[in-house]
Amino acid sequence: MIPYGRQDICQDDVDAVVEVLRSDFLTQGPRVPSFEESVASKVGANHGVAVNSATSALHIACLALGLGKGDWLWTSPITFVASANCGLYCGAQVDFVDIDPLTYNLCANSLEEKLVAAEKVGALPKVVVPVHMCGQPCDMKAINDLSKRFGFKIIEDASHAIGGKYRNAYIGNCEFSDITVFSFHPVKIVTTAEGGVAVTNCAELSEKMRLLRSHGITRDEKSMTKEADGPWYYEQIALGLNYRMTDLQAALGISQMKRLDEFVKRRHLIADTYDKAFGSFPMKVPYQLYNSYSAYHLYVVRLNLLEIQNSHKEAFEALRARGIGVNLHYIPIHLHPYYQKMGFEFGQFPEAERYYKEAISLPIYPTMSEQQQSEVIHVMESVLG
Ligand SMILES: *Cc1c(COP(=O)(O)O)cnc(C)c1O
């Protein structure tokens, strides 16, 4: 099976991890701050906080922004469930903003309409989570302008998007947001096996997130409320979690970050080859915005179902049966039973639902060979033809 995504681990990556295994630190040690620095400096943010997953990063980002009971978090229905669940973890309520039919990102115009309506009933969101679907940035300038007008905070879910650019700057510089979150799961652009980093330009937010990832415990005298009892002393000053990243993971991340641009460039070459090959196929290839450079985590096509004989499901099954490890990103969140129990219904986000009926993610990853890609194209042709 040719998978839809796969990590690229080289000898340097292996050596970096083995070196940590023989060192004094297995869990959070000196490599964690180095990894944080390598991510923050690469994307152009002032601070980085590494944790054990992007899900954890989203959670502590929401907590640091003060999200809680009685608040609303809004995100896109076409994303991994973690982008929404983080709001529920904090006791907040979650709602969705339908997607743009071209980019599949949260639509800034729909956001504006929904904000105007929410303002009238006093239910404005405290946090909005734009997700850079497939690695292509959202319209962050427009969303940021709306945040000023309506007073919400922004967490960019850039789990797909490290190495991508918006307006000639790396996604994650937080010019238009409070916090940006990256995932380092093996199918993403760069991996630490499991891992996440939250970056921000705000020192206070980074300190809050640092505290929350490690039980709410501080060893910094300036943050303590009482005089130290002795050299062993530390204080718990907030209710935190154990979301720490290990030094093994951080070492892998530092080593992988060196190849970030190479990985993204390779993904673009694969995407370009697909674009050319699929020119006359009965489907839409990914639309690319003029002012952005996608990280191309995913290559999603949308079938023109009126022009092909197979149904969406049949096409998907036929591709899998012929060894192409296609996937579908994502089932709209509001259609999951857990969310339907909260009152969400089919029909609420029509663009997202339309997308779900047509989308297929094709294999794209740096080590994909030309031969594998030809095989994907060949099988696509026979399945759609
Ligand atoms: C992968 C992913 C996450 C969660 O990342 P983990 O590191 O696996 O917790 C969150 N949001 C999006 C959009 C993702 O793709």
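Reference entry: report on the structure contained in this document. (Residues numbered from 1 in each chain as written. Predicted model: local features only at pLDDT ≥ 70, side-chain atom pairs only at ≥ 80, totals over all residues. Heavy atoms only, no water.)

**As for the site of the ligand**
Now for step 1: The local shell around the ligand holds 15 residues, among which Thr-55, Asp-157, His-160, Ser-183 and Lys-188 are the closest.
Now for step 2: Separating a nitrogen atom of the ligand from a side-chain N or O atom of Asp-157 is a distance of 2.7 Å.
Now for step 3: When isolated, the ligand has an accessible area of 380 Å², and the protein chains bury 93% of it.
Now for step 4: Where the shell around the ligand is concerned, the elements lending two or more residues are helix 3 (54-64) and helix 4 (82-89).
Now for step 5: Each residue belonging to the shell around the ligand can be placed in one class, and the counts come to 5 nonpolar, 8 polar and 2 charged. (Near = heavy atom within 4 Å. Polar contact = N/O pair within 3.5 Å; in protein donor to acceptor, adjacent residues only side chain to side chain. Areas by Shrake-Rupley, 256 points an atom, 1.4 Å probe, with all protein chains shown as cover. Helix = DSSP H or I, 4+ residues; strand = E, 2+ residues; numbered from the N terminus. Nonpolar A, V, L, I, M, F, W, Y, C, P; charged D, E, K, R; others polar.)

**Considering the pairing of strand 8 (residues 179-183)**
Now for step 1: By the criterion of burial, strand 8 is predominantly enclosed, with 5 of the 5 residues buried.
Now for step 2: Side-chain alternation along strand 8 places Ile-179, Val-181 and Ser-183 on one buried face and Thr-180 and Phe-182 on a second face that is also buried.
Now for step 3: Strand direction decides the pairing type here: strand 5 (residues 153-157) and strand 8, joined by 3 bridges, are parallel. Considered in strand 8, the bridge of Glu-156 is made with Thr-180.
Now for step 4: Where strand 8 lies against strand 9 (residues 196-200), 4 bridges are found, and the strand directions are antiparallel. Counted as the bridge partner of Val-181 is Ala-198 from strand 9. (Buried < 20%, exposed > 50% of the residue type's maximum accessible area, 1.4 Å probe, protein only. Pairing = 2+ DSSP bridges.)

**Here we look at the sheet that holds strand 8**
Now for step 1: Judged by pairing direction, the sheet is mixed, and its 7 strands sit side by side in the order 1-9-8-5-4-2-3 without closing on themselves. In this open sheet, the two strands that pair with only one neighbour each are strand 1 (47-51) and strand 3 (93-96). Ignoring which end each strand starts from, the neighbouring axes of this sheet average 20° apart.
Now for step 2: Contacting strand 2 (72-75), strand 3 and strand 4 (127-129), helix 5 (residues 108-120) runs over the sheet at an angle of about 160° to strand 2. (Axes fitted to C-alpha atoms, helices over the stretch in contact; angles between N-to-C directions. Contact = heavy atoms within 4.5 Å.)

**Details of the pattern of salt bridges**
Now for step 1: Considering all chains together, one arrives at 15 salt bridges under this definition.
Now for step 2: For Arg-354, the salt bridge is made with Glu-351, and the minimal N-O distance between the two is 3.0 Å. On the criterion of helical spacing, the pair formed by Arg-354 and Glu-351 is a turn pair, its members being 3 residues apart in helix 12 (residues 350-358).
Now for step 3: Put simply, Glu-36, Glu-207, Arg-210 and Arg-213 are held in one network by salt bridges that share partners. (Salt bridge = Lys/Arg side-chain N within 4 Å of Asp/Glu carboxyl O.)

**Some words on helix 6 (residues 140-150)**
Now for step 1: Turning to helix 6, its buried residues number three or more, namely Met-140, Ile-143, Asn-144, Leu-146, Ser-147 and Phe-150. Buried residues along helix 6 cover an arc of 160° about the axis, so they all sit on one side. Facing away from the buried surface of helix 6 by more than 90 degrees, the exposed residues are Lys-148 and Arg-149.
Now for step 2: Looking at the buried side of helix 6, the elements it contacts are helix 5, strand 5 and strand 6 (165-166).
Now for step 3: At the exit of helix 6 stands Gly-151, carrying a positive phi of roughly 70°. (Arc of directions from axis to C-beta.)

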